[in-house]
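# Architecture and fold: a report
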Amino acid sequence: MSHQQALTKYIAAFISELVKNGVEDVVVSPGSRSTPMAMVMAEHPDLQVHIHVDERSAAFFALGIAKGTKRPVAILCTSGTAAANYYPAIIEAFYSRVPLLVFTADRPHELRDIGAPQAIDQIQMYGKHVKWFAEMAPPENGPSMINYVRTAAVRAVATAKRNPEGPVHMNFPFREPLIPDLNDPEIFLSSSREEKYMTVSSSILTVDDAQFDTIAQTVSTYNKGMIICGPMDDADLSHKIVELGKALQFPIIADPLSQLRSGRHEQSQIIDAYDAILKSETAKVELQPELIIRFGAMPVSKPLLLFMKQYPETRQLIVDGGGGFRDPSLLSTDMIYCDEKQFCEELILRANAFAINENGYLTLWQDVNEVAKKEMVKVLEIEQLNEGKIFAQLGQLLPEESTVFVGNSMPIRDLDSFYFVNNKSMRIIGNRGANGIDGTISTALGVAMHTQPLYLIVGDLTFFHDLNGLIASKLYHIPITIIVINNNGGGIFSFLPQSEHPKHFELLFGTPLNIDFSHSVTMFGGDYIKVEDWQQFSEAIATETSHLKVIEVMTNRENNVKEHRNLWESVSREIDKRIKDEE
């Protein structure tokens, strides 16, 4: 058998096994060394191939598709620095637990470390940021080699999907000639095990009944308990947590990415203004908890983290079905490796066995939450264009079944502060693994491939950082509405201690871009709207789009800081009054 035939059968067996194990999408960045795999991928009738020439944006685009579909997605690039450009998205996938299959083509072993072009050290190049790495054998003929590559494909998909989900990296050394033989009509047929070469079975993490009994008994001994929910993307889990909160009569502190602030579930125990509440020293004293049960990643709110650190003696249970160690507070007392839905169900069953004390802790949280929201919604009264008001209007302006992708830095924090509970079925997501601004546009467009309508809200620096990503909207006709909050620089730094040192602030942190984004939007075939007032903003949001639409909202950094601080001071003042009146 010729080199070309062996190369083709080897790769075809690998691709076929990926598809049999649920892979439907692959994002390919053009290159020479990856030619054989790219061509065979394009030949498979059940594999959707998306082309993205910028590897950094391509990897984030695939990350978004994986977030949108909740399935593993593959990325393929050539050798050299192309693979290095994948790194930011791989890091994000690892920390946000997204299944990504990373395939890098490479020079064969005899061309490494001798000065061959486009040859860098790709072995373990992503370090500990992938769940599994495999340096694949060069393609050869023979049944054992085909069995080897099929097994590797099964293992890659299974590893990426196993909780906690995440990326895997497979490095493929290919020798020339690189052109596969696509004339064989039976290229993807298997001579044995036609369905799957192997089935990988796994189970969820859990604890035994005796441990559930102990946990339930422990929870029953505390009167002032609270549930804290960070970023999650499981609607069923959200409902279970609501049921658990009701059974325990605990307030539920709901991060905006927890999927608890939107929907038709019971919302009376959901606390959504905690970020403003916990800026009040009086509130922090009165609301001191005895027990915390935490689900999901750590919430975005810094006041919440400081509140938790203020009471290190508080019993803190972290429930993690992925078996991680997500405790940046370093205060957990119990790390419970158990499927989160099962944990809720088992505790709800046992809650009937002990009496729930009506101690007023939940009521106090609900009272101060209403006080805080009454003050925070005054942002709607501000007439000039304002960053917080954008998020306060989302529940009213966006349609049912919308998905909101929010950028990091100030947008995610304003979402936390101003996006309150509503009855619409809306999905709120973001890249909170590494919390960077890399690839935000590309990730959102990947999600939008399968989830519509989608609204992306970003700052001007984040928008600029991934302008290349807009090409996906043009190439694949992906509708997306992007709201760019342009305060001409890094607005979040105005809230940080750096702002108190004005000498070099603008140079080092303010970083104004002074860019007219309309030209970039036009270049990618989009519609650009620069709104002048809130009426125009509402109309722009309400207008449906079949392609790329960018709505730019110009704001003032200094005014934004003053408006935020005035609202926070008002919240603290009113909470102080309420608590003193009740004493």
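Here's a quick rundown of the structure. (Residues numbered from 1 in each chain as written. Predicted model: local features only at pLDDT ≥ 70, side-chain atom pairs only at ≥ 80, totals over all residues. Heavy atoms only, no water.)

### A word on the overall build of the protein
Scanning the protein from N- to C-terminus turns up 23 helices and 18 strands. Its C-alpha atoms give the protein a radius of gyration of 26 Å, within 12% of the compact-globule value 25 Å for 583 residues. On the principal axes, the C-alpha backbone points of the protein span a range of 90 × 65 × 45 Å. Considering only intrachain contacts with a sequence separation of at least 6, the fraction spanning at least 24 residues in the protein is 77%. For the protein, the computed accessible surface area is about 24100 Å², with 51% contributed by carbon and sulfur atoms. (Helix = DSSP H or I, 4+ residues; strand = E, 2+ residues; numbered from the N terminus. Rg over C-alpha atoms; globule rule 2.2 N^0.38 Å. Contact = heavy atoms within 4.5 Å. Areas by Shrake-Rupley, 256 points an atom, 1.4 Å probe, with all protein chains shown as cover.)

### Overview of the environment of C344
Assignment of secondary structure puts C344 in helix α12 (residues 340-351). Judged by its relative accessible area of 0%, C344 falls in the buried class. When neighbours within four sequence positions are excluded, C344 is seen to be in contact with L237, K240, I241, L244 and F295. (Buried < 20%, exposed > 50% of the residue type's maximum accessible area, 1.4 Å probe, protein only.)

### A short note on the packing of aromatic side chains
Tallying each qualifying case throughout the model produces 12 aromatic pairs. Ring geometry for F61 and Y476: centres 6.3 Å apart, planes at 15 degrees, overall stacked. A residue pair is termed long-range when its members are at least 10 positions apart, and F61 in helix α3 (residues 55-69) and Y476 in helix α19 (residues 471-476) qualify at 415 residues. Using a relative accessible area of 25% as the deciding quantity, one classes Y476 as partly exposed. Between F172 and F174 the ring centres are 6.0 Å apart and the planes differ by 25 degrees, which places this aromatic pair in the stacked class. A connected cluster of aromatic rings, assembled from ring pairs, spans F14, F103, F172 and F174. (Phe/Tyr/Trp six-rings, centres within 6.5 Å; stacked < 30°, edge-to-face > 60°.)

### Observations concerning the pattern of salt bridges
Two side chains with opposite charge may pair up if their charged atoms get near one another. As enumerated under the stated definition, the model contains 23 salt bridges in all. One salt bridge connects R33 with E176, and the closest N-O pair in it is separated by 3.5 Å. Separated by 143 residues along the polypeptide, R33 in the loop between β1 (25-28) and α2 (35-43) and E176 in the loop between β6 (167-173) and α7 (209-220) bring together distant segments of the chain. For R33, a relative accessible area of 5% puts it in the buried group. Here D213 makes a salt bridge to R350, at a shortest N to O gap of 2.7 Å. (Salt bridge = Lys/Arg side-chain N within 4 Å of Asp/Glu carboxyl O.)

### Looking at the packing of helix α1 (residues 3-20) against α2
The geometry of α1 relative to α2 is characterised by a closest axis approach of 10 Å and an angle of 55 degrees between their N-to-C directions. By the angle between their directions, the pair α1 and α2 is classed as oblique. Taken as a pair, α1 and α2 cross one another with a handedness that is right-handed. Residues L7, I11, A12, F14 and I15 of α1 touch α2, and the partners they reach there are P36, M37, V40 and M41. When the residues that make up the contact of α1 with α2 are grouped by side-chain class, the tally is 9 nonpolar, no polar and no charged. (Axes fitted to C-alpha atoms, helices over the stretch in contact; angles between N-to-C directions. Parallel < 35°, antiparallel > 145°, perpendicular 65-115°, else oblique. Left-handed = near helix turned anticlockwise from the far one by under 90°. Nonpolar A, V, L, I, M, F, W, Y, C, P; charged D, E, K, R; others polar.)

### Some thoughts on the sheet that holds strand β14 (residues 427-429)
Either a parallel or an antiparallel arrangement is found when strands of a sheet pair, and the pairing is made through backbone hydrogen bonds. An order of β14-β13-β15-β16-β18-β17 is seen for the 6 strands of this open sheet, with the pairing classed as parallel. Both outer strands of the open sheet, β14 and β17 (527-531), are each paired with one neighbouring strand and no more. Adjacent strand axes in the sheet meet at a mean angle of 20 degrees when their direction is disregarded. Looking at chain direction, strand β16 (residues 480-486) and strand β18 (residues 548-554) are connected through 7 bridges and run parallel. Considered in β18, the bridge of I483 is made with I551. In the packing of helix α17 (residues 440-448) onto the sheet, contacts are made with β13 (403-406), β14, β15 (454-459) and β16, and the angle to β15 comes to roughly 175 degrees. (Pairing = 2+ DSSP bridges.)

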